[in-house]
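Observations on the three-dimensional arrangement
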Amino acid sequence: MSKCLISNNIRKLRFHADEMTQQELADKTGVTRQTIVAIENGKYSPTLELAFRIALVFHSPLEEVFSYIVENK
Amino acid sequence: MYNKEKQILVSLITSLLILGFYSLYIYYNYIAGNPAILNDFKFWGECFLILIPISILAQIIIHIIFAIISKIVTNEDVPTITDERDKLIELKSIRIAHRIFIFGFLLSMGSLAIGMKPWVMFIVLILSGFIACTTSGIAKYIFYKKGF
């Protein structure tokens, strides 16, 4: 059986975006800071819509922000 | 601890206190003096109908007080937006609450089926509603804390 993992580079992208705060990113994407924290820590996989909104904030393609890894058990 | 987690804890404590005080009030003012009232359906109907608006009102008042205290202590605004994660957590916890309440409902009907007194059914109904509400709050807290 394979396990799917979604990882992200949001922390790195925030750093490159002039050290954007989690609250700023939350405000720009219309979610709470807690949701951004959960996404960054891999505790929550966002919907496709939110994933696109986050990518738009960083002017990056979706695959640069999120990556999908399949782990074979 | 985030605001949402604090709100959930406040809600849990509030519902516990409301049911506790309401039960004590009902017991000392009605049941203690006249235990036969337990078999009166009108009494149970009134108990349920009064408990619902009291708990809603108390929850609203306590949440307003919580928001004011939170603002004074942490200088942080209580988040007013509900995003997709909040909605998902809400749905998951409601599903848990529904399952528990359905189980409680079946249990209460079971109590009637095996010939127990009607007041047992009402108490099982109130308790299952309370347990469903509490479990839903705990589940919500865990979802916020640990993710899913």
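Bear in mind the structure is a predicted one, so any value in this text is a computation, not a measurement. (Residues numbered from 1 in each chain as written. Chains lettered and ligands numbered in written order. Predicted model: local features only at pLDDT ≥ 70, side-chain atom pairs only at ≥ 80, totals over all residues. Heavy atoms only, no water.)

This part covers the packing of aromatic side chains. Residues and elements named next belong to chain B. Per the counting criterion, the structure on display carries seven aromatic pairs over all chains. Arranged with centres 5.7 Å apart and planes meeting at 75°, the rings of Phe41 and Phe122 form a pair that is edge-to-face. A residue pair is termed long-range when its members are at least 10 positions apart, and Phe41 in helix H2 (residues 41-74) and Phe122 in helix H4 (residues 118-146) qualify at 81 residues. The class of Phe122 is buried, set by a relative accessible area of 14%. Between Phe43 and Trp44, the aromatic rings sit 5.3 Å apart at their centres with planes inclined by 70°, giving edge-to-face as the arrangement. (Phe/Tyr/Trp six-rings, centres within 6.5 Å; stacked < 30°, edge-to-face > 60°. Helix = DSSP H or I, 4+ residues; strand = E, 2+ residues; numbered from the N terminus. Buried < 20%, exposed > 50% of the residue type's maximum accessible area, 1.4 Å probe, protein only.)

The next thing to look at is the packing of helix H2 (residues 22-29) of chain A against helix H4 (residues 48-57) of chain A. For any two helices packed against each other, one specifies the crossing angle of their axes together with the interaxial distance. Residue and element names in this part refer to chain A. Between H2 and H4, whose axes approach to 9 Å, the crossing angle comes to 120°. Between H2 and H4, the angle is such that the two are oblique. As for the relative orientation of H2 and H4, their crossing is right-handed in sense. Residues Leu25, Lys28 and Thr29 of H2 lie in contact with H4, whose contacting residues are Leu50, Arg53, Ile54 and Val57. (Axes fitted to C-alpha atoms, helices over the stretch in contact; angles between N-to-C directions. Parallel < 35°, antiparallel > 145°, perpendicular 65-115°, else oblique. Left-handed = near helix turned anticlockwise from the far one by under 90°. Contact = heavy atoms within 4.5 Å.)

Residue and element names in this part refer to chain A. In the Ramachandran plot, Glu19 falls in the positive-phi region, its phi being about 50° despite a non-glycine side chain. Here His59, not a glycine, exhibits a phi torsion of approximately 50°, which is positive. Judged by relative accessible area, His59 falls into the exposed class, the value being 75%.

Residues and elements named next belong to chain B. Looking at the largest pocket, its volume works out to about 890 Å³. Residue lining of the largest pocket: 32 residues in total, with Ser11, Ser15, Gln59, Cys133 and Ser136 positioned closest to the centre. The set of elements that each furnish at least two residues to the lining of the largest pocket consists of helix H1 (3-31), H2, helix H3 (84-113) and H4. Its residues assigned to classes, the lining of the largest pocket shows 17 nonpolar, 10 polar and five charged. (1 Å grid on protein atoms, 1.4 Å probe; cavity = no way out; pocket = protein on both sides within 12 Å on 5 of 7 lines; lining within 4 Å. Points joined across faces, edges and corners; volume = space filled by probe spheres on them. Nonpolar A, V, L, I, M, F, W, Y, C, P; charged D, E, K, R; others polar.)

With that settled, consider the pattern of salt bridges. Residue and element names in this part refer to chain A. Here the structure, examined in full by the defined rule, presents seven salt bridges over all chains. Among the ionic pairs, Glu40 bridges to Arg14, the shortest N-O distance being 2.6 Å. With a gap of 26 residues between them, Glu40 in helix H3 (residues 33-40) and Arg14 in helix H1 (residues 10-16) connect regions that are remote in the sequence. Note on Glu40: relative accessible area 16%, which makes it buried. (Salt bridge = Lys/Arg side-chain N within 4 Å of Asp/Glu carboxyl O.)

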